[in-house]
Amino acid sequence: RECSAHRAKANRPGAGRVRMELVEADADDLDALVERWYALATAMERYSPLNELVYGGVDEVPETGFRDHLADESVTDYLIVDDGETVGFCTLREESHPSRRYSKPLRVVNLAIDEGHRDRGLGSSVLDRVAEIARMRGHDHLTVSCEWGNEDARRFYREAGFRPKQVDFARPLE
């Protein structure tokens, strides 16, 4: 779906090509966020049994998670808009570790580009824009995690300048 504010901007006379932008999501964007989150979450199921979803389809996913994001000042969801078209989403969470020299991370919680729009440099552009946002908000580094078995994501983040820092381990209690 197109973002109306960017559709108007793109259609201005003399506007030229609209570059990739992150548009802060609001309540009108819940469907777009849920659909994209569900696509990302189902793609992650193959990496671990702990990723198995409880929803049988996107229509079963409640909007409450993203509504909670909208009310949480430490979390921001963005639509990724390229040339006036929404092509993905990104979730950022502000964190604080006051005992550390680098104490103000901005975590990339979700980053997903729609199929058909991948391998065009949009993900790298998103991370560049996220770094600008982090600097403007006074953060001193970015963090991100991905599934251990997701070699493509690990390679992407390494190529974007991220370095391994720690490993999360998971243990089912069943």
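Above this text is the structure in question.
Residues numbered from 1 in each chain as written. Predicted model: local features only at pLDDT ≥ 70, side-chain atom pairs only at ≥ 80, totals over all residues. Heavy atoms only, no water.

One pass over the full model with this rule turns up four aromatic pairs. Their ring planes at 80° and their centres at 6.2 Å tell us that Phe66 and Phe89 sit as a pair that is edge-to-face. Highlighted residues: Phe66 in helix H3 (residues 64-71) and Phe89 in strand E3 (residues 85-94), separated in sequence by 23 residues. Judged on exposure class, the residue Phe66 and its partner Phe89 are both buried. Summarising the aromatic geometry, the rings of Tyr157 and Phe162 are spaced 5.6 Å apart at their centres and angled 80° between planes, so their arrangement reads as edge-to-face. Owing to a relative accessible area of 10%, Tyr157 belongs among the buried residues under this scheme. (Phe/Tyr/Trp six-rings, centres within 6.5 Å; stacked < 30°, edge-to-face > 60°. Helix = DSSP H or I, 4+ residues; strand = E, 2+ residues; numbered from the N terminus. Buried < 20%, exposed > 50% of the residue type's maximum accessible area, 1.4 Å probe, protein only.)

Once that is clear, we can look at helix H5 (residues 151-159). Three or more residues of H5 are buried, namely Ala153, Arg154 and Tyr157. For H5, the arc enclosing every buried residue in end-on projection is 100°, short of the 170-degree limit, so these residues lie on one face. Turned more than 90 degrees away from the buried face of H5, the exposed residues are Asp152 and Glu159. Looking at the buried positions of H5, the neighbouring elements they touch are strand E4 (105-113), helix H4 (122-136) and strand E5 (141-144). Residue Gly161 follows H5 closely and has a positive phi angle near 100°. (Arc of directions from axis to C-beta. Contact = heavy atoms within 4.5 Å.)

On to the packing of helix H2 (residues 30-44) against H3, then. Contact pair H2 / H3: the axes reach a minimum separation of 9 Å and the direction vectors enclose 120°. In terms of their interaxial angle, H2 and H3 are classed as oblique. Like other packed secondary-structure pairs, H2 and H3 cross with a definite hand, here right-handed. Contacts from Leu30, Leu33, Val34 and Trp37 in H2 reach Phe66, Arg67 and Leu70 in H3. Along the lines of polarity and charge, the residues of the contact of H2 with H3 split into six nonpolar, no polar and one charged. (Axes fitted to C-alpha atoms, helices over the stretch in contact; angles between N-to-C directions. Parallel < 35°, antiparallel > 145°, perpendicular 65-115°, else oblique. Left-handed = near helix turned anticlockwise from the far one by under 90°. Nonpolar A, V, L, I, M, F, W, Y, C, P; charged D, E, K, R; others polar.)

Okay, a negative patch on the surface next. Negative charge collects at one region of the surface, where Asp31, Glu35, Asp59 and Glu60 lie side by side. Mapping Glu60 onto the fold places it in the loop between H2 and H3. Using a relative accessible area of 48% as the deciding quantity, one classes Glu60 as partly exposed. (Patch = residues over 30% accessible without salt bridge, like charges linked within 9 Å, V, L, I, M, F, W, Y side chains within 5 Å. Areas by Shrake-Rupley, 256 points an atom, 1.4 Å probe, with all protein chains shown as cover. Salt bridge = Lys/Arg side-chain N within 4 Å of Asp/Glu carboxyl O. Lys, Arg positive; Asp, Glu negative; His and termini not counted. Charge placed at Lys NZ, Arg CZ, Asp CG, Glu CD.)

A separate point is the environment of Glu21. By secondary structure assignment, the location of Glu21 is in strand E1 (residues 21-24). Placed 57 residues apart in sequence, Glu21 and Tyr78 show a C-alpha to C-alpha distance of 9.2 Å.

The next point concerns the sheet that holds E1. The mixed open sheet is built from five strands, whose spatial order is E1-E2-E3-E4-E5. Sheet topology places E1 and E5 at the edges, where each strand pairs with a single neighbour. On average, adjacent strands in this sheet sit at an angle of 35° to one another, irrespective of strand direction. Pairing of strand E2 (residues 75-82) with E3 involves eight bridges; the strand directions are antiparallel. Its bridge partner being in E3, Thr76 is matched across the sheet by Leu92. Against the sheet, H2 engages E2, E3 and E4, with an angle of about 80° to E3. (Pairing = 2+ DSSP bridges.)

The next thing to look at is the pattern of salt bridges. With the rule as written, the count across this model stands at nine salt bridges. A salt bridge links Glu115 to Arg118; the nearest nitrogen and oxygen atoms lie 2.6 Å apart. Assessed through its relative accessible area of 62%, Glu115 is described here as exposed. On the basis of relative accessibility, which here comes to 43%, the residue Arg118 falls in the partly exposed class. Of the charged contacts, one joins Arg129 and Glu132 as a salt bridge, the two residues approaching to 3.1 Å between their closest N and O atoms.

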